[in-house]
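# Chain and residue survey
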Amino acid sequence: MVVLNPADHYEMKAAVEAAVKYQGPVYIRMDGKALPEIHDEDYRFVPGAVVTLREGSELALVATGSTVHEVVDAAELLAQSGIAATVVSVPSIRPCDTKALLAALKGCKAVMTVEEHNVNGGLGSLVAEVLAEAGTGIKLKRAGIMDGEYAAAADRGWLRQHHGFDAAGIAAQAREML
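Everything quoted here is computed from the prediction, not taken from an experiment.

With that settled, the discussion passes to the pattern of salt bridges. This model, assessed by the stated rule, comprises 7 salt bridges. Close ionic contact of glutamate 76 with arginine 54 constitutes a salt bridge, the shortest N to O distance being 3.3 Å. Here the residue glutamate 76 occupies a position in helix α2 (residues 67–80), and arginine 54 occupies one in strand β3 (residues 51–54), the gap between them amounting to 22 residues. On the basis of relative accessible area, arginine 54 is assigned to the partly exposed category, the value being 28%. A salt bridge links glutamate 116 to arginine 160; its shortest N-O distance comes to 2.9 Å.

Below is the structure:
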């Protein structure tokens, strides 16, 4: 099954167009709220591709869907304290160009994934497998809903802060990793 999680309306439009053309099951995780633009009208979505939004050498922040906005903001907070973070968006969980994903992460000392659901079986698991199979030894932290916990029915800002994957929480955890 193809699994897509777009970060803004440009990516959503392109993901839906790709899903219509695809022969087989496709799951698109859609956000219920308007999201700021990450891309512009020239953006071309390619199923499987990873998108590096910012280059850095110390830490990679990897996210999917609406949490991409949190890691973009966290990278800016980290930059203000002298930490250069790579920001990688993974709009296509399956398929995923794992070679390109590994290439985006390989030069960093640590990697943190951020997702708005259980950390098992999603982006965090995908990145863990890619890093482990390549034998990188790169430190990994998965932020999201931990196993055995459930997302509360609450305001998005409160929920993300509660689980530690708002921009400030991401930046704080990233600093601890380094």
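Additional details are given in the paragraphs that follow.
This brings us to unusual backbone geometry. Omega for the bond connecting arginine 94 with proline 95 falls within 30 degrees of zero, at 0°, which places this linkage in the cis form. By secondary structure assignment, the location of proline 95 is in the loop between β6 (92–94) and α3 (98–105).

With respect to the helices and strands, the residue arginine 160 is situated in helix α5 (residues 156–163). Relative accessible area serves as the criterion here: at 3%, arginine 160 is assigned to the buried category. Side-chain polar atoms of arginine 160 contact the side chain of glutamate 116, separated by 2.9 Å. Each residue touching arginine 160, except ones within four places of it in the same chain, is listed here: Ser66, Thr67, Glu70, Glu116, Phe165 and Asp166.

A cluster of nonpolar side chains, contributed by Val16, Val20 and Met30, occupies part of the molecular surface with about 290 Å² of accessible area. As for its position among the elements, valine 20 is in helix α1 (residues 9–21).

Turning our eyes to something else, we now look at a negative patch on the surface. Side chains of Glu37, Asp40, Glu41 and Asp42 sit close together on the surface and give a patch of like negative charge. Relative to the assigned elements, glutamate 37 resides in the loop between β2 (26–28) and β3.

Thresholds applied
Residues numbered from 1 in each chain as written. Predicted model: local features only at pLDDT ≥ 70, side-chain atom pairs only at ≥ 80, totals over all residues. Heavy atoms only, no water. Salt bridge = Lys/Arg side-chain N within 4 Å of Asp/Glu carboxyl O. Helix = DSSP H or I, 4+ residues; strand = E, 2+ residues; numbered from the N terminus. Buried < 20%, exposed > 50% of the residue type's maximum accessible area, 1.4 Å probe, protein only. Polar contact = N/O pair within 3.5 Å; in protein donor to acceptor, adjacent residues only side chain to side chain. Contact = heavy atoms within 4.5 Å. Patch = residues over 30% accessible without salt bridge, like charges linked within 9 Å, V, L, I, M, F, W, Y side chains within 5 Å. Areas by Shrake-Rupley, 256 points an atom, 1.4 Å probe, with all protein chains shown as cover. Lys, Arg positive; Asp, Glu negative; His and termini not counted. Charge placed at Lys NZ, Arg CZ, Asp CG, Glu CD.

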